[in-house]
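Commentary on secondary and tertiary structure
Given next are the chains, with one letter for each unit.
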Amino acid sequence: MSSRDLILARIRSAVAGAPQTDVEEARGYRTSPAPGEESGRVELFAERVRDYRAIVHVVPEEEVADTVARALSGRNAGRLVIPDGLPEEWLGAVPATLERLRDDPPLAAADLDAADGVITGCAAGIAETGTIVLSAGPGQGRRALTLVPDYHLCVVRADQVVPGVPEAISRLDPVRPLTWISGPSATSDIELNRVEGVHGPRTLEVVIAISGPR
Amino acid sequence: MSGSGTFLGMPSFPENAEKALQDSQLRFNLRKATHTIRGKRAAVVEELPDWQELRAAGKAIKDDALRNLDRYLLQAEEAITKAGGHVHWASDAAEANEIVTGLIRATGETRVMKVKSMATQEIGLNEALEREGITAYETDLAELIVQLGDDWPSHILVPAIHRNRSEIREIFTEHMAEWGRPAPEGLSDDPRTLADAARLHLRERFLSTKVGVSGANFLIAETGTLVVLESEGNGRMCLTLPETLISVVGIEKVLPTWRDLEVFLQLLPRSSTGERMNPYTSMWTGATEGQEFHLVLLDNGRTKVLADEIGRQALRCIRCSACLNVCPVYERVGGHAYGSVYPGPIGAILTPQLRGMASELDASLPYASSLCGACYDVCPVAIDIPEVLVHLRSKAPHAPAERLGLTAAGWVLDKPVRLERAQRLATRFRGLVPKRRLPGPGAAWTATRDVPAVPEESFRDWWQRTEEGGGR
């Protein structure tokens, strides 16, 4: 008997006759925001991302380019990784001297390590937890791009921000590689104090773009 | 739970506990850490108005997953295979280690990097690989501290919880050079500086190692998706950068549907690190971004636990460690006393079920609790740990004298007339009962208790004499 068959047989004999559970009946938790909660969604998202000690800007859509340029110059970021499909207008105000590292052909890990940072969009933002989800889609790139460089600049459109975790799960495609990011890399391993900056990007900067007048 | 050489031959819990209690530094470190995390957890749990509903859903989902585990595992296998991954089944630790060793051999590599995983600790994978000439590098900061210090983990979430910052500084300074890049000169004990030292130490390793080994927090049957929650980014490094990824996952980690994550991604981070969300969560399905992917499904005693009607709820555990942090016993003795990779209340019910209760240590674990129930209150999947503890106590081997005593007590209590006679007998000979210590096997009982005084007259006799007998 193969181990596969052995394990399956053991399971079947272990649970034989045990009662079934009605899972759907047990889903009494919130899956959509309470009335009135919806209005403060973007503000809550910004506040919760800031709680993780990330840098957050909330700006009208037309100011994204300037905000991005200021953020990059503030860090003296001269070599920036740019994933395929990133909206060109976000880089509309960066100086011509900025070295744009394209991931085509794929950059070696050492090249990523030598970059000053990476700029991406995202697949979703979660207000309640201050989480950004990347799905390796256009403008996000493969997973290593937002991992190896020490600085991650992420643009989140206000319409991508959902109230809570259930809304994000229903919006995401599980077959895509997903990375959920809640603040910069951190550890609580030393006396259970959160310290930002271990192996992932030590700085996370988020630009939340609001469409229309604020 | 066979194959783990880690804690074999350890003395029983009371002996370990007695030793640990004498280490005041350990008790100070533990108290500080567990109280910090308790407060953080309570605050973020309080934030969610539907916590109890989430908890009930978490319990129901896990119960369903376990009840139909055969079906869900096959479903996951099919989805992963379809997505280009390979699924292996390991009935015990030895087989899992053999599979992983074989997979690493096939790559021609002799070095692998690991992201913290309870399952691989349980099977003693690092030691097994070492015997085959393969070096496994731990990359989680706490695991690194444990590995560099040639130490054992003492907490599920924070394996180095028993170490404070100055001890960590010492370990880094003395041992980093043996494993790779040495610690920077004049390293201070500032947590930030220590984290930086770990970043530097592991950077080159991350960028050059070709095989990664991980566990997983969840495996989604419906889609074949694996989920790993972490904080530091070492998990993302191990999961995304290597050419080959091998994940060793206990069969009980299955969740039936993708949607179920909406429950567990709320329950786990808040219960575990006391955060609204942990910094990084990775999800992948099959061979991803050109990587070769192997999943090793591990039984190693889990099906035995599943067969126990009361004990099987322990398999709902999502390894958050909230029960450790609130446990008055854990807080005082620390994780090592439990002699297993699973310490604390959950360890006290999981270890004896996975390993059996043949050793003195494992038989003593169900008693490593005051049954206060704090663990049950905080458990995000509502495992009734006290219930399982009591159940296991009844199954644990008992000394002949104890069994004899209980059989005798059972006989006496079975019929009122027997009790009445026994009570009369006891009052008549009360002068013969020692005041402090019982002789023979009874001495163990009185080592920490006084012998209760036998009254002059039993309640039964008093009642008959005063009330019933009309002596008002």
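Residues numbered from 1 in each chain as written. Chains lettered and ligands numbered in written order. Predicted model: local features only at pLDDT ≥ 70, side-chain atom pairs only at ≥ 80, totals over all residues. Heavy atoms only, no water.

What follows concerns the overall build of chain B. Of regular secondary structure, chain B possesses 23 helices and 10 strands. If you line up chain B on its principal axes, its C-alpha atoms span 90 × 55 × 45 Å. Within the span of chain B, comprising 472 residues, buried residues form 59% of the whole. Here the analysis covers contacts within chain B between residues at least 6 apart in sequence; of these, 74% occur between residues at least 24 apart. Taken together, the 55 basic and 62 acidic charged side chains of chain B have centroids lying 6 Å from each other. (Helix = DSSP H or I, 4+ residues; strand = E, 2+ residues; numbered from the N terminus. Buried < 20%, exposed > 50% of the residue type's maximum accessible area, 1.4 Å probe, protein only. Contact = heavy atoms within 4.5 Å. Lys, Arg positive; Asp, Glu negative; His and termini not counted. Charge placed at Lys NZ, Arg CZ, Asp CG, Glu CD.)

All names here are of chain A. Locating Gly85 in the fold gives a position in the loop between strand S2 (79-82) and strand S3 (99-102). Along the backbone, Gly85 and Asp173 are 88 residues apart, and their C-alpha atoms lie at a distance of 19 Å. Setting aside anything within four residues of it in sequence, one finds Gly85 in contact with Pro138 and Gly139.

Residue and element names in this part refer to chain A. Taken together, the side chains of Glu61, Glu62, Glu63, Asp66 and Glu89 define an acidic patch exposed on the protein surface. Tracing the chain through its elements places Glu63 in the loop between strand S1 (55-60) and helix H3 (64-74). Judged by relative accessible area, which is 39%, Glu63 ranks as partly exposed. (Patch = residues over 30% accessible without salt bridge, like charges linked within 9 Å, V, L, I, M, F, W, Y side chains within 5 Å. Areas by Shrake-Rupley, 256 points an atom, 1.4 Å probe, with all protein chains shown as cover. Salt bridge = Lys/Arg side-chain N within 4 Å of Asp/Glu carboxyl O.)

All names here are of chain B. One can describe the packing of helix H16 (residues 344-355) onto helix H19 (residues 385-395) by two numbers: an axis separation of 10 Å at closest approach and a directional angle of 40°. The orientation of H16 with respect to H19, classified from their angle, is oblique. For the element pair H16 and H19, the recorded crossing hand is left-handed. Across from Pro345, Ile346, Ala348, Ile349, Pro352 and Gln353 in H16, the residues of H19 making contact are Ile385, Val388, Leu389 and Leu392. In terms of residue class, the contact of H16 with H19 is built from 9 nonpolar, 1 polar and no charged. (Axes fitted to C-alpha atoms, helices over the stretch in contact; angles between N-to-C directions. Parallel < 35°, antiparallel > 145°, perpendicular 65-115°, else oblique. Left-handed = near helix turned anticlockwise from the far one by under 90°. Nonpolar A, V, L, I, M, F, W, Y, C, P; charged D, E, K, R; others polar.)

Take the sheet that holds strand S8 (residues 161-162) of chain A next. Here we have 8 strands laid out as an open sheet, ordered S8(A)-S5(A)-S6(A)-S9(A)-S9(B)-S6(B)-S5(B)-S8(B), and mixed in their pairing. The sheet is open, and its two edges are formed by S8 of chain A together with strand S8 (254-255) of chain B, each paired on a single side. As paired elements, strand S6 (residues 131-134) of chain A and strand S9 (residues 178-181) of chain A share 3 bridges and run antiparallel to each other. Paired with Ile132 of chain A across the two strands is Ile181 of chain A, which belongs to S9 of chain A. (Pairing = 2+ DSSP bridges.)

Another point: the pattern of salt bridges. According to the stated counting rule, one finds 44 salt bridges over all chains in the structure shown. When the shortest N-O distance is used, the salt bridge between Arg199 of chain B and Asp150 of chain A registers 3.1 Å. Here Arg199 of chain B, found in helix H10 (residues 191-208), pairs with Asp150 of chain A, found in the loop between S6 and strand S7 (151-157), and the two come from separate chains. Its relative accessible area of 7% is what places Arg199 of chain B among the buried residues. Notably, a salt bridge pairs Glu138 of chain B with Lys114 of chain B, separated by 3.0 Å at the nearest N-O pair. Of this pair, Glu138 of chain B sits in strand S3 (residues 135-138) while Lys114 of chain B sits in strand S2 (residues 111-114), and the two are 24 residues apart along the sequence. In this structure Glu138 of chain B comes out as buried when scored by relative accessible area, which is 5%. Linked through salt bridges whose partners overlap, the residues forming this network are Glu24 and Arg27 of chain A together with Arg259, Asp260 and Glu262 of chain B.

To continue, consider the domain arrangement of chain B. With domains assigned, chain B is organised as domain 1 (4-302) and domain 2 (401-468). Each of domain 1 of chain B and domain 2 of chain B has a C-alpha centre, and these two points are 52 Å apart. (Domains from an automatic or database assignment.)

Grouped together as the largest cluster of nonpolar side chains are 113 residues, with contacts concentrated most on Trp180 of chain A together with Leu261 of chain B. Discounting chain neighbours no more than four positions away, the residues touching Leu261 of chain B are Ile169 of chain A together with Phe218, Ile220, Val227, Leu255 and Met283 of chain B. The next biggest cluster of nonpolar side chains, apart from the first, holds 24 residues, and it includes Ala142, Ile168, Met176 and Leu187 of chain B. (Core = buried A, V, L, I, M, F, W, Y, C linked by side-chain atoms within 4.5 Å.)

Looking now at a nonpolar patch on the surface. There is a patch of nonpolar side chains on the surface, built from Leu425, Phe429 and Leu432 of chain B and spanning about 340 Å² of accessible area. Among the secondary structure elements, Leu425 of chain B is positioned in helix H21 (residues 416-428).

A word on the interface of chain A and chain B. Listed per partner, the contact involves 72 residues of chain A and 92 residues of chain B. Buried area between chain A and chain B, summed over both chains or domains, comes out near 7200 Å², and the portion from carbon and sulfur atoms is 57%. Among the residues of chain A in contact with chain B, Arg143, Leu192 and His199 of chain A are the three that bury the most area, contributing 12% of the side total. At the surface where chain A touches chain B, the tally comes to 13 salt bridges. Of the charged contacts, one joins Asp113 of chain A and Arg203 of chain B as a salt bridge, the two residues approaching to 3.1 Å between their closest N and O atoms. The interface formed by chain A and chain B holds 37 residue pairs in polar contact (both at pLDDT 80 or more) in total. For the side of chain A that touches chain B, the elements supplying multiple residues, two or more each, are helix H1 (3-15), helix H2 (41-51), helix H4 (109-114), helix H5 (165-171), S9, strand S10 (186-187) and strand S11 (195-196) of chain A. Take the side of chain A that touches chain B: its biggest share by element is 10 residues, from H1 of chain A. When its residues are assigned to classes, the side of chain A that touches chain B shows 34 nonpolar, 19 polar and 19 charged. (Buried area = accessible area lost by both parts, 1.4 Å probe. Polar contact = N/O pair within 3.5 Å; in protein donor to acceptor, adjacent residues only side chain to side chain.)

The next point concerns the packing of aromatic side chains. Residues and elements named next belong to chain B. Summed over all chains, the structure comprises 7 aromatic pairs over all chains. With a centroid separation of 5.9 Å and an interplanar angle of 80°, the aromatic rings of Tyr137 and Trp179 are classed as edge-to-face. Of this pair, Tyr137 sits in strand S3 while Trp179 sits in helix H9 (residues 165-179), placing them 42 residues apart in sequence. Under the relative-accessibility criterion, Tyr137 is labelled buried at 11%. Classification of Trp179 by relative accessible area gives partly exposed; the value is 25%. An aromatic cluster of three or more residues is present, and its members are Phe13, Tyr330 and Tyr338. Its guanidinium or amino end placed over the ring of Tyr280, Arg236 lies 4.6 Å from that ring's centre, counting from NZ or CZ. (Phe/Tyr/Trp six-rings, centres within 6.5 Å; stacked < 30°, edge-to-face > 60°. Lys NZ or Arg CZ within 6 Å of the ring centre and 35° of its normal.)

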